[in-house]
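Listed below are the residues making up each chain.
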Amino acid sequence: MSALRSRLKTKKRIIVKIGSASLIDPETDGINHERLEELVKVLVHLKRDGKDVCLVSSGAIAVGSKALGMSGKPDSLPKKQAYAAVGQAKLIQAYDMLFEEAGTMTGQVLLTAITLENSLARANAVNTFEELFKLGVIPVVNENDSISTEEIEQVHTFGDNDRLSALVAQLTGADLLILLSDIDGMYTDDPKSNSDAGLISEVEDLTDEMWGMAKGTDSKGVGTGGMSAKLAAAKIAVENGADMLILNGNDPENIKKALAGEDIGTLFLSK
Ligand code: GLU
C-alpha cells in the first residue's frame, strides 16, 4: 500500500457525492433502490467509525421526470425546476426511509450559489452543518434547483453537483471528497473508444495535460458532470486542503476499500 493511499485511513470528515447516472436505474429510469440502500449502509458504517459524513445527491430532475411520466430530459428551465420540485421530495423520502432503516437520521440541506456568495447565509450554512454533525445526522445536500434564479447550467447555479460537492467540502472543512461516478476514475483517454487508455491512480498537480485529457472524456449521459467538471471540483477541493477521490459508484463498498488504503479510483492530493 502506498503511503499516499494509507493516509485515507485517517480522514475525519468526508463528503460523498453521487450523480444521477449512478443512482438512476437505466432500465426503469427510476431510483436504483438497491444501490442507494448499499450506499446508505456504507455511509452509516463510516459514521459509526467516528467520521462526520455528508452526502451530496443529484437526481431530483431525473426522479421528478420519471414520476411525472415524462421521457427524456426536460427542454425548458421552468420544466426542469418543476420536475426538480417533484423529484427532490421523492428522493429525500427514499433517503429518509433508508437512513432510518440503517439506524441513523438524515436531514435535507438545499443550497443555492447565491446563498453561498452571501456571507451571512454562508455562515448560517456552516453552523447548520456543524450542528448536524454534532447530532450525528448524515445530511443529504442538493442544489435548490426550483429557486436557482438562472439557467440550471449557467450563472448563479453550481452548474453541476461535482462543483457543489467541492463547495460543501470547502464550507465544512472536510478532509476528503469522494465523487461516485459511472467510471472507475480518470483515464488518460476515453476508455470507451480507446482500449489503451489507462486509469490514473494519483494526481499531484492539475497540469494543462490533465485538463486536456479530461476534455476528451466528458460523458453525455443522464448526469451533467463530465471529467472536466470533476477536475474543476478537484481544484476547489485540493486548494482547500481536502483530498479528492473519484470512485466507481456501481459498488458503494468501493468507498470502504479506498478508505482501507486499496489502490482504486483516482486520488487527487491536497496541497
Ligand atoms: N441538481 C440536479 C438534480 O438533482 C443535478 C445536477 C447534477 O447532476 O450535477 O437533478
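This write-up is about the structure you can find in this document. Not measured: the values here are computed from a predicted model. (Residues numbered from 1 in each chain as written. Predicted model: local features only at pLDDT ≥ 70, side-chain atom pairs only at ≥ 80, totals over all residues. Heavy atoms only, no water.)

**What about the nonpolar core?**
For clarity, the threshold we go by: Side-chain atoms within 4.5 Å link the members of a nonpolar core, which is a set of buried Ala, Val, Leu, Ile, Met, Phe, Trp, Tyr and Cys residues. Buried residues are those whose accessible area, probed at 1.4 Å on protein chains only, stays under 20% of the maximum for their type, while exposed residues exceed 50% and partly exposed ones sit between those limits. Only runs of H or I of at least four residues qualify as helices and only runs of E of at least two qualify as strands under DSSP, and these elements are numbered from the N terminus. Should any heavy atoms of two residues lie within 4.5 Å, those residues are counted as being in contact.
Of all hydrophobic cores here, the largest spans 41 residues; its most connected members are Leu 111, Phe 129, Val 141, Val 168, Met 186, Met 244 and Phe 268. Among the elements that take part in this core, helix 10 (residues 227-239) stands out by supplying seven residues, more than any other. Setting aside residues up to four positions removed in sequence, Met 244 forms contacts with Leu 176, Leu 177, Leu 179, Lys 230, Ala 233, Ala 234, Ala 237, Thr 266, Leu 267 and Phe 268. The next biggest cluster of nonpolar side chains, apart from the first, holds 37 residues, and it includes Ile 255, Ala 258, Leu 259 and Leu 267.

**Brief notes about the pattern of salt bridges**
For the record, the criterion: By convention in these notes, a salt bridge is any Lys or Arg side-chain nitrogen within 4 Å of a carboxyl oxygen on Asp or Glu.
Scanning all chains against the criterion turns up 14 salt bridges. In this structure, Asp 243 and Arg 7 form a salt bridge, with 2.7 Å as the shortest nitrogen-oxygen distance. One end of the pair, Asp 243, is in strand 7 (residues 243-248); the other, Arg 7, is in the loop between helix 1 (3-6) and strand 1 (13-18), and 236 residues separate them in sequence. Judged by its relative accessible area of 0%, Asp 243 falls in the buried class. Among the residues examined, Arg 7 registers a relative accessible area of 29% and is labelled partly exposed.

**Quick notes on the packing of aromatic side chains**
The line we're drawing: Ring pairs are drawn from Phe, Tyr and Trp, using the six-membered ring of Trp, whenever the two centres fall within 6.5 Å, and their geometry is named by plane angle: stacked under 30 degrees, edge-to-face over 60, tilted for the rest.
Overall, the coordinates contain two aromatic pairs when judged by the stated rule. Taking the centre distance of 6.4 Å and the plane angle of 35° together, the rings of Tyr 95 and Phe 99 count as tilted. Of this pair, Tyr 95 and Phe 99 both sit in helix 5 (residues 77-101), four residues apart, which is roughly one turn of that helix. Phe 99 shares its class with Tyr 95; the two are buried. Ring plane angle 25° and centroid distance 6.4 Å describe the contact between Phe 129 and Phe 133, whose orientation is recorded as stacked. Of this pair, Phe 129 and Phe 133 both sit in helix 7 (residues 119-134), four residues apart, which is roughly one turn of the helix. Of the two residues examined, Phe 129 and Phe 133, each falls in the buried class.

**Some thoughts on helix 10**
Note the threshold: By definition here, a helix of n residues has an expected span of 1.5 Å times n minus one.
Along its 13 residues, helix 10 runs 18 Å from first to last C-alpha, staying within 8% of the 18 Å computed at 1.5 Å per residue. Along helix 10, ten of the 13 residues are buried, which leaves the element largely enclosed by surrounding structure. Those residues of helix 10 that fall on the buried side of the exposure criterion are Met 227, Ser 228, Ala 229, Lys 230, Leu 231, Ala 233, Ala 234, Ile 236, Ala 237 and Val 238. Phi turns positive, to about 85°, at Gly 241, one or two residues after helix 10.

**As for the environment of Asp 25**
Note on placement: Asp 25 falls in the loop between helix 2 (20-23) and helix 3 (33-48). Sequence separation of Asp 25 and Arg 35 is ten residues, and the distance between their C-alpha atoms is 9.1 Å. What Asp 25 contacts, discounting residues up to four positions off in sequence, is Gly 30 and Asn 32.

**A word on the side chain of Thr 104**
Relative to the helices and strands, Thr 104 resides in the loop between helix 5 and strand 3 (106-111). Exposure remark for Thr 104: the relative accessible area of 6% places this residue in the buried category. Discounting chain neighbours no more than four positions away, the residues touching Thr 104 are Val 44, Lys 47, Arg 48, Phe 99, Gly 136 and Ile 138.

**Observations concerning unusual backbone geometry**
Positive phi, close to 65°, is recorded for Asp 29, a residue that is not glycine. Within the secondary structure, Asp 29 sits in the loop between helix 2 and helix 3. A relative accessible area of 46% places Asp 29 in the partly exposed class.

**Describing the sheet that holds strand 5 (residues 176-181)**
What counts is decided by this rule: One bridge is not enough; two strands pair if DSSP finds at least two bridges between them. For every element, the axis is a line fit to its C-alpha atoms; helices are fit only across the contacting stretch, and the angle between N-to-C directions ranges from 0 to 180 degrees.
Strand order in the open sheet made by the eight strands is 3-4-2-1-5-7-8-6, with mixed pairing throughout. Looking along the sheet, the strands with just one partner apiece sit at the ends: strand 3 and strand 6 (202-203). Strands in contact with helix 10 are strand 5, strand 7 and strand 8 (266-268); relative to strand 7, the strand with the most contacts, it is inclined by about 150°.

**Things to note about the pairing of strand 5**
The buried fraction of strand 5 amounts to six of the six residues, a majority that puts the element mostly inside the structure. What you see with strand 5 is no split at all: Leu 176, Ile 178 and Leu 180 on one side and Leu 177, Leu 179 and Ser 181 on the other are buried throughout. Examined bridge by bridge, strand 1 and strand 5 share five bridges and lie parallel to one another. For Ile 18, the partnering residue across the bridge sits in strand 5 and is Leu 180. Relative to strand 7, strand 5 runs parallel, the two sharing six bridges. Looking across to strand 7, one finds that Leu 177 is bridged to Met 244.

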